[in-house]
Amino acid sequence: MTSIGTGYDLANSIFSPDGRNFQVEYAVKAVENGSTSIGIRCKDGVVLAAEKVITSKLLKQGANKRIATVDRHLGIVYSGMIPDGRHFVDRARDEARGWRDNYKTPISTKDLAGRMGGYMQAYTLYQSVRPFGITAIIGGYDSELETPVDGEVGSGPSVGAGGKVEGKKHGGPFLYMVEPSGLYWGYYGAATGKGRQAAKAELEKLDLSGDGESTGLTLEEAVKEAARIIYVAHDDNKDREFELEMTWISGADGPTKGRHLEVPETLRKEAEKYAERMTAKDVEDEEETKEGGDKMEE
Amino acid sequence: MFRNNYDNDSVTFSPQGRIFQVEYAAEAVKQGSVVVGIASKTHAVLVAIKRNAEELSSYQKKLFPIDEHVGIAIAGLTSDARVLSNFMKQQCLGHRLTYGRNMPVRTLVDMIGSKAQINTQHYGKRPYGVGLLVAGVDDHGPHLFEFQPSGMTEEMVAFAIGARSQMARTYLEKNLDAFADCGREELIRHGLKALKESLVQDRELTIDNTSVAIVGVEKQEDGTTKPQPFKVYDGQDVSAWIESVADNAEAAPATAEGEGMDVDS
Amino acid sequence: MDHRPQAWGRPRDDVYGAYDHSYLQNSGPRQATQAPIVTGTSVIAIKYKNGVVMAADNLASYGSLARFPDVKRLRVFLDSSVIGFSGDVSDMQFLDRHLTELSIDEAYEDPSSDSKAGQLNAANLHKYLQKLLYKRRNDFDPLWNQLLIAGFDGDSKPYLASVDLRGTSFTSPSLATGFGSALAQPIMRRYAATEEDAAKLSREEAVEVIKECMKVLYYRDARSLDRYSIAVVTKEGVELKEDEQLEKQSWAFAEQIKGYGTQTV
């Protein structure tokens, strides 16, 4: 850390001579120490998953949720400082409500990501605050249907497409990741926290970029892969037990009917079994290759 | 004066991504005397060791009712706890006024969590120097939450905070599986036994230094449940419980208590 | 002639005399809603053994004009309560949006549980709406509605209550707003004058009474329609039908009515 002792890293919003804001970089360190979170966008929905390291036996099992719902169709998972994440979610809910107040319609995933990116960035601008110690993954499914505006209570005369361009695809599953700097991008698969490197490597192997209906992962497959990736990412610190939390969002015709919901227990258990089986197999394979003496590159 | 340059305020990250001011605030919790909380399927109890500044002074209260269905145990700066306690009382009252129901416990705990988090992100503020155990009941049954100065709140089966609380936590971990099916008397005894683990050598539980509080749900005859209001017991009211966990009273029968203290079935 | 821009579009002073600006002044008391504009007529509801039945027609009137014949005035809240709106339709839409936000907030509390435990019930919702409408009345900016709220209370008993634009609230085994309080209420009271009577009614009987009342309302209320919505609230949830047609109408009685229009006798 060349920055230490130079004095440029002692306050937020200060540029160092080479143009860096060290306090933001330190905030990223807080994220990198946090437990792993991932998000997968597939053709018919989004899956969010979190590794919850069990810090005490006395914690009530399954009671402390790490993935939060925003409005009805959006979910947020975060890594880093949990209370900061809670604040972030509170703000996201305020934004979603404000959007509804203004526009009488649910906020889109993209717009929420934009608003929250702006909010995070504002906390890098002033010496009077510190940046957020979290990276957040925002998943959502924007409705593809012709939906009424909020408060619509009947039908008037039909007046065509309601402002939507005919033939163009509207809505669908979306995934964004917001960093402490306020930077955000859209993703097919996103990972953050301690196990992000391993998780990213696994995400890259999945067929996620296909937009076609026939190609790419289905939502159920994505749930299983998400479980597996959390298990793989956890591998490095095996000694600590963890709980897996998963949520998903499908379109109106899918299993969640456009809502952000917790993955049902039966499916989660199934996914966990799959994850355990696959990670055990990986270990075996590794040992085999070691014995065989040939090198594997990845 | 300072340990390093990064621990002057709560808006500066250390190069490792830590906020020392928040960590120091967590130390303040350990300065307070120990409090223990346990939740079963029907009740949540809080027990605490009270301290007195000198022989002739009174003992500092540790357990506070918030609303009919919630109460807290505190460890750390009492005046900070009072701020949070007043806030919680107001929120519960407001909720009761607008909706005509008890405020859900998690909602209440999340509110103080958010309030405390703000203090860790803005210059000129300091984190609260107090930890809480929040015990309450709502439509989902009894709950026990831990609140930390960082704004972290977590639901626990049982927990202890304050000076030497690690020993109490070890006791709780050992007996973890027993709590769910405990009646109120059994739960209180577990709490007091955990408390005893954390006592300094030669110190004992007395009616002056021990507080007990309990909240629960009672099954009505028609199958519905009704909250059993949060109530704090001090002084003579706790003597029977203390005796029942005395070292020489291990084999005491469970029904030895006074009026209104029957064991739940 | 005055060609300056500020005179554009104004009556010519030389023709009409100087413009009297006092008409444009907005001094004097601030005025908010003074009367409803587009309105819905009666909402009626009756309790029965296992729940509540509620109905309202699908008409929104603009004065005496039947302006919108497809307006749904019953709204489901969290799949456990129904709210029926009479009075101003735009205020109903405002309340509808407000309740959407309330139900979104409510879902945040307990994302994982499918049970209704811990969610706002009809009694909580009624209390909330009463506070809201009473506040608006005290701001001299009332929401011009009378609402019926049906569902279950904290003891899982059928619940039915009313609140109006002044915040007045009451509860009864059967309730009706507007004309319904004169035309439908006496009929409903024949079947459910007391809570005990209502507890004896079957679902089929309650639906039949409501349908009969809707018919009488259509006969005698000139601001009503023969297409209507009907909701049945049970512990399992809400069954809402929004496009029902009044059946078995008989206008024979109309022959006997004298004293209107072109009649000379």
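Residues numbered from 1 in each chain as written. Chains lettered and ligands numbered in written order. Predicted model: local features only at pLDDT ≥ 70, side-chain atom pairs only at ≥ 80, totals over all residues. Heavy atoms only, no water.

The next subject is the interface of chain C and chain B. Note: interface size is frequently given as the accessible area lost on complex formation between the parts. Listed by partner, the interface residues are 15 residues for chain C and 10 residues for chain B. Summed over both partners, the interface of chain C with chain B comes to about 1100 Å²; 51% of that surface belongs to carbon and sulfur atoms. Counting the surface chain C buries against chain B, the share from its top three residues, C:Glu109, C:Gly118 and C:Asn124, is 37%. Summed over the shared surface of chain C and chain B, the result is 1 salt bridge. (Contact = heavy atoms within 4.5 Å. Buried area = accessible area lost by both parts, 1.4 Å probe. Salt bridge = Lys/Arg side-chain N within 4 Å of Asp/Glu carboxyl O.)

Let us now look at the UniProt feature "domain: Proteasome alpha-type subunits" (unreviewed entry) in chain B. In this numbering, the UniProt entry assigns the feature "domain: Proteasome alpha-type subunits" (unreviewed entry) to residues 6-28 of chain B. What you have in residues 6-28 of chain B is 39% helix and 0% strand, and the ends, taken at the C-alpha atoms, are 19 Å apart. (UniProt positions renumbered as here; feature names shortened; annotations may be inferred. Helix = DSSP H or I, 4+ residues; strand = E, 2+ residues; numbered from the N terminus.)

So, about the pairing of strand β2 (residues 43-48) of chain C. Residues and elements named next belong to chain C. With 6 of its 6 residues buried, β2 lies for the most part within the structure. Residues Val43, Ala45 and Lys47 of β2 are buried on one face, and the alternating residues Ile44, Ile46 and Tyr48, pointing to the opposite face, are buried as well. Relative to strand β3 (residues 51-57), β2 runs antiparallel, the two sharing 6 bridges. The residue bridging Ile46 from the neighbouring strand is Val53, located in β3. Between β2 and β3, which pair antiparallel one after the other, the connecting turn spans 2 residues. (Buried < 20%, exposed > 50% of the residue type's maximum accessible area, 1.4 Å probe, protein only. Pairing = 2+ DSSP bridges.)

The partner chain B presents 36 residues to the 34 residues of chain A that form the contact. For the pair chain A and chain B, the interface holds 1 salt bridge. A:Lys60 is the salt-bridge partner of B:Glu155, the closest N and O atoms lying 3.3 Å from each other. Taken together, chain A and chain B are joined by 14 residue pairs in polar contact (both at pLDDT 80 or more). Of all the secondary-structure elements, those providing two or more residues to the side of chain A that touches chain B are α1 (22-33) and α2 (82-103) of chain A. (Polar contact = N/O pair within 3.5 Å; in protein donor to acceptor, adjacent residues only side chain to side chain.)

This next bit is on the pairing of strand β8 (residues 158-161) of chain B. Residue and element names in this part refer to chain B. Of the two faces of β8, the one lined by Ala158 and Ala160 and the one lined by Phe159 and Ile161 are each fully buried. Relative to β8, strand β1 (residues 35-39) runs antiparallel, the two being bridged by 4 bridges. Looking at the pairing, Ile38 lines up with Ala158 of β8.

Residue and element names in this part refer to chain A. Strand order in the open sheet made by the 5 strands is β3-β4-β5-β6-β7, with antiparallel pairing throughout. Whereas interior strands pair on both sides, the edge strands pair on one side only; in this sheet they are β3 (68-70) and β7 (184-186). Neighbour to neighbour, the strand axes of the sheet diverge by 25° on average, direction disregarded. Here strand β4 (residues 74-80) runs beside strand β5 (residues 134-142); their pairing, made up of 7 bridges, is antiparallel. Looking at the pairing, Tyr78 lines up with Ala136 of β5. Together, β3, β4, β5, β6 (172-178) and β7 form the strand contacts of helix α3 (residues 109-122), whose direction differs from that of β5 by roughly 160°. (Axes fitted to C-alpha atoms, helices over the stretch in contact; angles between N-to-C directions.)

Here the focus is the pattern of salt bridges. The tally for this structure, following the rule as stated, stands at 41 salt bridges over all chains. Its salt-bridge partner being A:Lys269, residue A:Glu265 comes within 2.8 Å of it at the nearest N-O pair. Taken together, the residues span about one helical turn, with A:Glu265 and A:Lys269 both in helix α6 (residues 265-292) at a distance of 4 residues. When the shortest N-O distance is used, the salt bridge between B:Asp67 and B:Arg96 registers 3.0 Å. Remark: B:Arg96 occurs in helix α2 (residues 78-99) and B:Asp67 occurs in strand β3 (residues 63-67); sequence separation between them is 29 residues. Within the structure, one salt-bridge network assembled from shared partners comprises A:Glu202, A:Lys205, A:Glu225 and A:Arg228.

Below, the discussion takes up the packing of aromatic side chains. Residue and element names in this part refer to chain B. Applying the stated rule across the entire model yields 16 aromatic pairs over all chains. Measuring from ring centre to ring centre gives 6.1 Å for Phe20 and Tyr24, while their planes differ by 35°; the resulting arrangement is tilted. Note that Phe20 and Tyr24 are positioned in helix α1 (residues 20-31) at a spacing of 4 residues, about one turn of the helix. Since its relative accessible area comes to 9%, Phe20 is described here as buried. For Tyr24, a relative accessible area of 27% puts it in the partly exposed group. (Phe/Tyr/Trp six-rings, centres within 6.5 Å; stacked < 30°, edge-to-face > 60°.)

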